[in-house]
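Structural description and commentary
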Protein chains: 2
Amino acid sequence: MLRTHTCGELRIENVNTTVTISGWVQGVRDKGSLLWIDLRDRYGITQITIETEKADKSLIEIARSLGREYVISVTGKVLERYSKSEKLPTGDIEIYPDKITILNSALIPPFTIEDETDGGDDIRMKYRYLDLRRNTVRKNLELRHRLSIETRNYLDKLNFIEVETPVLIKSTPEGARDFVVPSRMHQGEFYALPQSPQTFKQLLMVGGFDRYYQIVKCFRDEDLRADRQPEFTQIDCEMAFVEQEDILQTFEGLIRHLFLAVKGVQIPELTRITYADAMNYYGSDKPDIRFEMKFVYLKSAAAENANNLVNGAGFKVFDAAQIVVGICAKGAAEYSRKQLDELTEFIKRPQIGATGLVYARYNADGTIKSSVDKFFDEAALKKWAIAFGAQPGDLMLILAGEQNKTRKALSELRLEMGTRMGLRDKKKFACHWVIDFPLLEWSEETSRFHAMHHPFTSPKPEDIKLLASVPGEVRANAYDMVINGVEVGGGSIRIFNKQLQSRMFDLLGFSKEDAEAQFGFLMNAFEYGAPPHGGIAFGFDRLCSLFGGADVIRDFIAFPKNNSGRDVMIDSPSPIAKTQLIELGIPLS
Amino acid sequence: MLRTHTCGELRIENVNTTVTISGWVQGVRDKGSLLWIDLRDRYGITQITIETEKADKSLIEIARSLGREYVISVTGKVLERYSKSEKLPTGDIEIYPDKITILNSALIPPFTIEDETDGGDDIRMKYRYLDLRRNTVRKNLELRHRLSIETRNYLDKLNFIEVETPVLIKSTPEGARDFVVPSRMHQGEFYALPQSPQTFKQLLMVGGFDRYYQIVKCFRDEDLRADRQPEFTQIDCEMAFVEQEDILQTFEGLIRHLFLAVKGVQIPELTRITYADAMNYYGSDKPDIRFEMKFVYLKSAAAENANNLVNGAGFKVFDAAQIVVGICAKGAAEYSRKQLDELTEFIKRPQIGATGLVYARYNADGTIKSSVDKFFDEAALKKWAIAFGAQPGDLMLILAGEQNKTRKALSELRLEMGTRMGLRDKKKFACHWVIDFPLLEWSEETSRFHAMHHPFTSPKPEDIKLLASVPGEVRANAYDMVINGVEVGGGSIRIFNKQLQSRMFDLLGFSKEDAEAQFGFLMNAFEYGAPPHGGIAFGFDRLCSLFGGADVIRDFIAFPKNNSGRDVMIDSPSPIAKTQLIELGIPLS
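The notes below deal with the structure included here. Residue positions within a chain follow its written sequence, with the count starting from 1. Chains and ligands are labelled sequentially in the order written, the chains with letters from A and the ligands with numbers from 1. Only residues with pLDDT of 70 or above have their local features reported here, since the model is predicted, and side-chain atom pairs are shown and tallied only from 80 upward, although totals for entire chains, interfaces and linings are computed over all residues. Side-chain measures were taken over the full set of non-hydrogen atoms in the model, leaving aside hydrogen atoms and water.

1. Quick word on the sheet that holds strand β6 (residues 161-162) of chain B
Residue and element names in this part refer to chain B. Stated precisely, the cut-off is as follows: Pairing between two strands requires that DSSP report at least two bridges joining them. Elements are defined by DSSP. Helices are runs of H or I of four residues or more, strands are runs of E of two residues or more, and each kind is numbered from the N terminus. Contacts were defined at the residue level, with two residues in contact if any of their heavy atoms lie within 4.5 Å. The convention used is that axes are lines fitted to C-alpha atoms, helices contributing only their stretch in contact, and that angles between N-to-C directions extend from 0 to 180 degrees.
The eight strands are arranged β6-β9-β10-β22-β21-β20-β17-β11 in an open sheet whose pairing can be described as mixed. Taken across any chain shown, the strands that pair with only one partner, and hence form the sheet edges, are β6 and β11 (271-274). Against the sheet, helix α6 (residues 244-263) makes contact with β10 (231-240), β11, β17 (431-435), β20 (478-483), β21 (486-493) and β22 (533-539), and its axis sits at roughly 15° relative to β20, the strand it touches most.

Below, the structure is given as structure tokens:
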């Protein structure tokens, strides 16, 4: 037996017992007469103490030969420490060894195995197996495990059953790019890896499995942004005989359960914001509502604009703008010229693309000074202040331009101000639903409508009459769950009627033949008694990072790929043997 | 709200309440004055009763328009039945409807949705979503869910953590054929889908995650036999700081927990059989020990053969044979000529390939008659009977020939006799370990040794000295768990030392360069403090079918592929668009 206890469990009650523990040498301190070894495993650190004047010579020799990260096994007696350590749970005791066995030696690691390491991203990824030894990374994966266990517990209690859907499925052009797998037995044909188990979970509903879930790998062959992985994990769920309200209740319950069970945090009932309101007040379909700072319009795009507070003052930028909209930063009137310049730089960056920032300071003395004093006198600015609900000491930040672009830019500025003002505490969690998404969005690039959620999403019954005339205004029974400005999950009530599904494919520009070839099996299934159904999917990697208070998902994945989709540890992708290509019928280039 | 209750939960306590239930029409019985609808969902069947003389006309009209598998919602009052049904848990009540809503109509299904269906395999697979509505299929998947939940519960309690390993990995030629995935971003390079997470779980051990598991999809591009799927699921486990005994104890615990928690069956401690004994006494490394019927040797391959009971009688077949070995079928002496002919046919089939069967009947009157009476008199046969432990009434069945082939054939005959004699009850479970597997097996085809388990398996320390001289005799710290003659799991203690791993690759015919290119990352990892470790993987599909008392795994997979790797429901694999091939840099043929 290589251990009787872990390095994290010995306590004062174990004193005078003989134990064996195994682990990695975290460090050795040699003071001549006394020599200490810190032995580490996943569960903690235990101190081994050797009195060199009393101990066996061979034992001392072994102890002095140990390097960092050597793997050893130690048998000895547990004794009470003379000077206890409150930092370690095992700090009351130490082990006086009778025997130390070196199980494996170790080269000096290329970076330190500490919470704050000296290793950069690249070296940590290449030696991920060493990076995993660090407390911080290990705790992330333990958190991930705990979240998956609690997700299953919650759903299992509600009669959901986990069903594994296939990984080798069929390529469909709608949505992102598929990874494909050439078939050897059917040369020239391919499987595709699933972007989600969408059609299968709907077929399970047709099959009577009225409550399905799966924690499942999905795949997307996209050019990777910083926080995307080619393979990612979803909590994928579907329910039959439900309306939107049932789904919102059920999965609001899930997230509240997870916060309580995993983090001990009580989350209040989730507020619901319509897509229209989210865009109107936050310029985003995933607003961070940890802080207020709602948009205030000095001029809006609506035809009859009673609240127009800017036109006719001779300021061309405002006069020409479709909207003039701003936010009020409480207590930020003292922002320096430099700080305001930084904000202007920020919103002018290409990825945001605004052309300029107007500000108005509501000074503590009651005066208001703006960057557009030439056009607006104090009386006009006071009206702005009333509209903004601004108080002396507040700063108003205003953008102008085309509606969608300006809202988007102001949304970024709002988040930036939230960050600067310390309003986005990672230990606080604001969860809400965004509902009533549009069914379709127009793509200038392809000159056609695309499904905003996916082609299986049901329009709101009361909006179906608009499908023929103004499809862009049809709202869907679709919803996203947003936590701290991050979309952690999204779903919809599905179409369960062949005619409506077929009409939807029409609208999305599918020919009858393409729709039949790609989704014929689903539309056929709808003819054999499909129940009303709907579902949701959570991005599990992102949910984990959010629970862990981190920004990047990579630290919550055991073996992630880098931004070019490469696993630098195993060096994959890589060339394969010619014989493999020949067997697959792939011509050699 | 589409339902207040499921179709399986209403009881006598619910009488006089108004409820809404939804489901599929299992059937309608129309007796004129009374009309019944059986409404079915995943949870059960509830009877809807309409008294046509009292009920609303439109209601009756709807009821009479219903076809099989229509999806409806019914609101009405729960009443106590006049004649109760004991067959149904809901048999005490019925619902008198106020309202019936047709949620969806249904074409007549291509086969009956009953436990015993009239649908053949092909049609059931094409309409799998209808097949899934059948009780039997649904129960299989519910069993699968229960097994996965209980597996996780057991392992979680023992501090195992589930870690997701990547699906897009690297192709390696050792083992079965990989499925590969062309990389778009790195043209000409490929990912491979994992045949198992073997190297990753070992790296997790190096990374300090001393107890890992994962219920995970694996992939193998093999020509499919009846009971193989290109994608299959494993319960994959690994532990560090363990010896073989720790692993056997832990996973024996798992299987006993599963039997108790899921089936209420107490499994005794698992017996252990060495590979050598398994081959010697059962001719198989996965013997079915629900019944005894051990092999008895009348002549063995050992050089000094004290027990030779057949040589020198002039029967050339026995004289020329390397071994003469048989089984004793208790109470089968009355087998007819026809039955014995059937057995002879059985062992002569090409897939078994024996040339002939010798039998000896120990008649109830104490005489013994054999098919080789010409060569062996009653005295000789009596000696056989003693060797076999045969009693009057028993039948001895004997094969002769080359050792491996003959044992294999007799193993098949033993199983056949077990089946014929009713000794293989699917509701009885005999679990055991097979241990001490050989490390290597010689392949005539490739003229080299192959790893019997896999290249990472550790030889027994006491056998390492034989590696240079007689590698074929080296035993491994490898073990299989066998239930009812089915290998449900297998694993080994791993090599954790770079030199030994490198020597192993040598033995398997890897060049230094190939070993480095394919497994360099693992051997490097071994240099940075790898702990002793080992693990096991269970075939989850097979485990489910075993728990379900079935022979085929396909009925325990929601959407299986057929024997040519095709999903006939979604019609996959299938051709992909030229643009996809071009993006992937795959030349068009």
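2. Details of the interface of chain B and chain A
Selection rule: Take the accessible area each of two parts loses on contact, using a 1.4 Å probe, and add the two losses: that sum is the buried area. A pairing counts as a salt bridge when a side-chain nitrogen of Lys or Arg comes within 4 Å of a carboxyl oxygen of Asp or Glu.
Contact residues are listed per partner, giving 120 residues for chain B and 120 residues for chain A. Regarding the contact of chain B and chain A, the summed buried area is about 10600 Å², with carbon and sulfur atoms giving 60% of it. Where chain B meets chain A, there are 18 salt bridges. The salt bridge partner of D223 of chain B is R184 of chain A, with a shortest N-O separation of 3.2 Å. Here the element with the most residues in the side of chain B that touches chain A is helix α4 (residues 135-157) of chain B; it accounts for 10 residues.

3. Observations regarding the pattern of salt bridges
Applying the stated criterion across every chain, the model contains 98 salt bridges over all chains. Note that R420 of chain A is salt-bridged to E342 of chain A, the shortest N-O span being 3.0 Å. Within this pair, whereas R420 of chain A is found in helix α11 (residues 403-420), its partner E342 of chain A is found in helix α9 (residues 337-348), the two being separated by 78 residues in sequence. We note a salt bridge from R124 of chain B to D121 of chain B, for which the minimum N-O separation is 3.4 Å. With R124 of chain B and D121 of chain B both in helix α2 (residues 121-126) and three residues apart, the pair spans about one turn of that helix. Via salt bridges that share partners, D121, R124, R128, D131, R134, R554 and D555 of chain A belong to a single interconnected network.

4. Re the sheet that holds strand β21 (residues 486-493) of chain A
Residue and element names in this part refer to chain A. An order of β6-β9-β10-β22-β21-β20-β17-β11 is seen for the eight strands of this open sheet, with the pairing classed as mixed. At either end of the open sheet lies a strand with only one pairing partner, and these are β6 (161-162) and β11 (271-274). Sheet analysis places β11 next to strand β17 (residues 431-435), joined by four bridges and oriented parallel. Across the sheet, the residue bridging to T274 is I435, located in β17. In the packing of helix α7 (residues 275-282) onto the sheet, the strands contacted are β11 and β17, and the crossing angle to β11 comes to about 85°.

5. Comments concerning the environment of V486 of chain B
Residue and element names in this part refer to chain B. Formally: Residue burial is assigned from relative accessible area. The probe radius is 1.4 Å, only protein chains are included, and a residue is buried under 20% of its type maximum, exposed over 50%, and partly exposed in between.
Counting through the fold element by element, V486 comes out in strand β21. A relative accessible area of 23% means that V486 is categorised as partly exposed. Considering only alpha carbons, one finds V486 and C431, 55 residues apart in sequence, at a separation of 9.4 Å. Once residues within four sequence positions are removed from consideration, V486 is found in contact with M481, R542 and L546.

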